[in-house]
Amino acid sequence: MSLELLSKLEASIQNALEQIELLTLELDEEKQKNQSLSEQNQQLQQELHTWNDKVSGLVGLLTDKVE
């Protein structure tokens, strides 16, 4: 009986270790995705800033012409 319980415990521990390994791999993938999305977000923010500067410049030109 004791060997049976020990065997079940061993199987449970092995299962837990496998789950931890899978979750660790999944976490690493999500970290990589997050890094990629952060870089993309930064690039898009820079592009938005550039566009805002261009639009402000054009509006300034129009304002100067009207005055």
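To be clear, the structure that these remarks concern was listed above.
Throughout this description, residue numbers start from 1 for each chain and increase along the sequence as written. A pLDDT threshold of at least 70 governs which residues receive local features in this predicted model, and a stricter bar of 80 or more applies before side-chain atom pairs are shown or counted, although totals over entire chains, interfaces and linings include all residues. For side-chain calculations, the full set of non-hydrogen atoms in the structure is used, while hydrogens and water are omitted.

Focus on the overall build of the chain
Note the threshold: Secondary structure elements are taken from DSSP: a helix is a run of H or I of four residues or more, a strand is a run of E of two residues or more, and numbering for both begins at the N terminus. Every radius of gyration here is taken over C-alpha atoms, with the globule rule written as 2.2 Å times N^0.38, N being the number of residues. Relative accessibility decides the category of a residue: with a 1.4 Å probe and only protein chains considered, values under 20% of the type maximum give buried, values over 50% give exposed, and everything between is partly exposed. For the accessible areas, the method is Shrake-Rupley and the probe is 1.4 Å, while residue cover comes only from the protein chains on display.
When helices and strands are tallied, the chain shows one helix and zero strands. Since a compact globule built from 67 residues should have a radius of gyration of about 11 Å, the 29 Å found for the chain marks it as more spread out than a globular shape. Based on the C-alpha atoms only, the size of the chain along its principal axes is roughly 95 × 15 × 5 Å. Looking at the chain as a whole, 0% of its 67 residues qualify as buried. When the accessible area of the chain is evaluated, it comes to approximately 6500 Å², of which 58% is carbon and sulfur surface.

A few points about a nonpolar patch on the surface
We apply this condition: Any residue with relative accessible area above 30% and no salt bridge may belong to a patch, with like charges joined within 9 Å and the nonpolar Val, Leu, Ile, Met, Phe, Trp and Tyr side chains within 5 Å. When a carboxyl oxygen of Asp or Glu is within 4 Å of a side-chain nitrogen of Lys or Arg, the pair counts as a salt bridge.
Among the surface-exposed residues, Leu3, Leu6, Leu9, Ile13, Leu17 and Ile20 lie close enough to one another that they form a single nonpolar patch of about 620 Å² accessible area. For Leu6, the location among the structural elements is in helix α1 (residues 2–66). By relative accessible area, which is 52% here, Leu6 ends up exposed.

Side note on the pattern of salt bridges
Across all of its chains, the model carries two salt bridges by this definition. A salt bridge links Glu4 to Lys8; the shortest N-O distance between them is 3.6 Å. Taken together, the positions of Glu4 and Lys8, both in helix α1 and four residues apart, correspond to about one turn of that helix. Judged by its relative accessible area of 47%, Glu4 is partly exposed.

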